[in-house]
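# Tertiary structure, described
If you want the building blocks of each chain, they are given just below.
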Amino acid sequence: MTERLSNATLARLPQSVRAPGYDRGAVRPGIVHLGAGAFHRAHQAVYVDELLDADPNWGIAGASLKHPDTAKALNPQDGLYTLVSRGAGGTQMRVIGSLVEVLRAEAQRDRLMGLLTAEDTRIVSLTITEKGYCHDPATGELNLDHPDIVHDLAHPDRPGSAPGLIVAALAARRALGLPAFTVLSCDNLPANGIITRRVVVGLAHRLESVIGNWIKNETRFPSTMVDRMVPATTDVDRAEVAGALGLEDAWPVVAEPFSQWVIEDDFTGARPRFEDAGVQMVEDVAPFELMKLRMLNGSHSTLAYLGCLCGIETIAEAVADPDLGALVRRMMTGEVIPTLVEPGIDLRAYCDTLMIRFANPALRHRTGQIAMDGSQKLPQRLLGTIRDRIRSGGAYDRTALGVAAFMRYVTGVDEKGKKIEVRDPLAARLAGIYSETGKRPAALAARYLGVAEIFGTDLAGDQAFVTCVGDHLKSLFQKGARETVRRLLAKSAG
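Remember, it's a predicted structure, so these values are computed and weren't measured experimentally.

### Side note on the overall build of the chain
When you go through the chain residue by residue, the secondary structure sums to 21 helices and 11 strands. The C-alpha radius of gyration computed for the chain amounts to 23 Å, which stays within 12% of the reference 23 Å derived for 494 residues, consistent with globular compactness. Taken along its principal axes, the extent of the C-alpha atoms in the chain is 65 × 55 × 45 Å. Every one of the 494 residues in the chain was classed for burial, and the buried ones make up 58%. Contacts in the chain between residues at least 24 apart in sequence constitute 76% of all its contacts with a sequence separation of at least 6. Surface accessibility of the chain: about 19500 Å² in total, with carbon and sulfur atoms responsible for 50%. The distance from the centre of the 56 positive side-chain charges to the centre of the 59 negative ones in the chain is 5 Å.

### Thoughts on helix α6 (residues 162–176)
Taking 1.5 Å of rise per residue, 15 residues should cover 21 Å, and α6 covers 21 Å from first to last C-alpha, within 8% of that figure. Structurally, the start of α6 carries an N-cap: the backbone nitrogen of Gly164 is 2.9 Å from a side-chain oxygen of Ser161. Count one or two residues on from α6 and you reach Gly177, which has phi positive near 80 degrees.

### Here's the deal with the sheet that holds strand β4 (residues 90–96)
One open sheet holds the three strands; their spatial order is β4-β3-β9, and the pairing between them is mixed. Edge strands, defined here as strands with exactly one partner in the open sheet, are β4 and β9 (253–255). Between one strand and the next, the sheet's axes are offset by a mean angle of 20 degrees, whatever the strand orientation. For strand β3 (residues 81–87) and β4, the ladder comprises seven bridges, and the chain directions are antiparallel. Looking at β4, one finds that Val84 is bridged to Met93. Relative to the sheet, helix α2 (residues 44–51) contacts β3 and β4, its axis offset from that of β4 by approximately 65 degrees. Packing against the sheet, helix α9 (residues 235–245) makes contact with β3, β4 and β9, and its axis sits at approximately 75 degrees to β4.

### Topic: the side chain of Thr367
One can find Thr367 in helix α14 (residues 367–370). Leaving out residues up to four positions away in the same chain, Thr367 has contacts with Leu303, Ala304, Gly307, Cys308, Ile312, Glu313, Thr314 and Ile315.

### Concerning the nonpolar core
Grouped together as the largest cluster of nonpolar side chains are 89 residues, with contacts concentrated most on Leu245, Met295, Phe358, Val403, Met407 and Phe455. The element best represented in this core is helix α10 (residues 286–310), accounting for 11 residues.

### A few points about the side chain of Ser85
By secondary structure assignment, the location of Ser85 is in strand β3. Judged by its relative accessible area of 12%, Ser85 is buried. Apart from residues no more than four positions distant in its own chain, Ser85 is found in contact with Gly90, Thr91, Gln92, Arg228, Ala255, Glu256 and Pro257.

### A word on the sheet that holds strand β1 (residues 29–34)
The parallel open sheet is built from five strands, whose spatial order is β5-β2-β1-β6-β7. Strand pairing shows two members of the sheet lacking a second neighbour, β5 (99–104) and β7 (182–185), which therefore form its edges. When the angles between neighbouring strand axes are averaged without regard to direction, this sheet yields 25 degrees. Summarising the sheet, β1 and strand β2 (residues 59–64) pair through five bridges and their orientation is parallel. Note on β2: the bridge partner recorded for Val32 is Ala61. Against the sheet, α6 touches β1, β6 (123–126) and β7, its axis set at about 175 degrees to β6.

### As for the pattern of salt bridges
Taken as a whole and assessed by the stated rule, the structure comprises 32 salt bridges. Close ionic contact of Arg357 with Glu256 constitutes a salt bridge, the shortest N to O distance being 2.5 Å. Separated by 101 residues along the polypeptide, Arg357 in helix α13 (residues 347–358) and Glu256 in the loop between β9 and β10 (260–264) bring together distant segments of the chain. Residue classification places Arg357 among the buried positions, given a relative accessible area of 7%. Accessibility expressed as a relative area gives 2% for Glu256, which makes it buried. The residue Arg482 makes a salt bridge to Asp321 at a minimum N-O spacing of 2.9 Å. Of this pair, Arg482 sits in helix α21 (residues 481–491) while Asp321 sits in the loop between α11 (315–320) and α12 (322–336), placing them 161 residues apart in sequence. Of the residues examined, Arg482 reaches a relative accessible area of 30% and is grouped as partly exposed. For Asp321, a relative accessible area of 9% gives the class buried. Each member of the salt-bridge network shares a partner with another, and the members are Asp265, Arg271, Arg273, Glu275 and Asp276.

Conventions and cut-offs
Residues numbered from 1 in each chain as written. Predicted model: local features only at pLDDT ≥ 70, side-chain atom pairs only at ≥ 80, totals over all residues. Heavy atoms only, no water. Helix = DSSP H or I, 4+ residues; strand = E, 2+ residues; numbered from the N terminus. Rg over C-alpha atoms; globule rule 2.2 N^0.38 Å. Buried < 20%, exposed > 50% of the residue type's maximum accessible area, 1.4 Å probe, protein only. Contact = heavy atoms within 4.5 Å. Areas by Shrake-Rupley, 256 points an atom, 1.4 Å probe, with all protein chains shown as cover. Lys, Arg positive; Asp, Glu negative; His and termini not counted. Charge placed at Lys NZ, Arg CZ, Asp CG, Glu CD. Expected span 1.5 Å × (residues − 1). Polar contact = N/O pair within 3.5 Å; in protein donor to acceptor, adjacent residues only side chain to side chain. Pairing = 2+ DSSP bridges. Axes fitted to C-alpha atoms, helices over the stretch in contact; angles between N-to-C directions. Core = buried A, V, L, I, M, F, W, Y, C linked by side-chain atoms within 4.5 Å. Salt bridge = Lys/Arg side-chain N within 4 Å of Asp/Glu carboxyl O.

Below you can see the structure in the form of structure tokens.
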């Protein structure tokens, strides 16, 4: 049996695989990260890994909130794992050592709270996906009807949500006379720091106004922009890593070579010298964030829904389709870019870069993975652009097709009659609407647009938008995704 990657076997790594150059025994956690999944391990943990040689007091203690898989895979490896970077120039592997342990939040609650209330913990960071914030995606406010929030309000001593854990930890720190930590959201949410602050302070006020006011006054919630494409790890990836290392790695992560992290420099106390690892520290992250959410993520979602309907498995294959590729390029240049303020970046050049990144065949970024949790993603990825275009009187046909493709996707059947596994917090509700309405596109679009958690209350009242989406949805049902895209491109060339 092949030995596992671990501290004991690090010295056996081949020279072609970069290993931590610092003493892992000296690393102490200064960051607690909630949601230690693949993206965190391919992104934030890599930046921190670059800094530990200069300052070993910024190690990361990770916590899995829902599933034990990451802890089970990485703890026998002393938190070590392989980062596989795949691009046009080939494949590179590197072992990351910044993650010192991974906790299971429910099973190791006392240990997690001990870390959250430790004096050395100065940052609590998050990659919990959009749905983990227990907020209303349409308004950004705390969703008091969310099951996790209902639980946490009833059982504040045993919180299950990320906001609940943060409130409990900050309340305990106040009682101990310790300063607050910085809460650093690293999820694809617009104004992610503002939303995190809103839900955390909102929950705290519901529990105890004194705690809510203390958190509001003492805790910083800087916004961030994160960017790296990280497809799901496969057994083929694991086998490739084992062959290269001569060691088993239960959960390597795969990513593109490109990586970007922009952070507002607004921390409660000390922070790592992120800038030394290539992080952009700025006063206002909003222009970077909006650029990425609307251009990269909006195009990604549009490619994912249309690709799934066409039976296309990966984003690279979808963008290589001449019609789908042309659609997202024209969507970005003709509809999205006019809504943005350039953050010191040429937005058309950024569009060109995105098209190259999407086309990276080595990643095999699955359309089905990108399509997950669309009800939580649509407001920031597509609907913000549409609202701005409505206000300015500009066209939004291509972006609206992305919305219609989402609606067609959540019916749960592709164009060949094959079942689509819709993984979304609102999947059952959306399926129920389709069951009641059937293939009556205008009625179905109107019913979906009435789901206020996604679309708010304004878009359903804009008749031009309702008609546009309904017409697209009708074409998707009757003519299919490719023909719908072709007709739209012919109609709105330029």
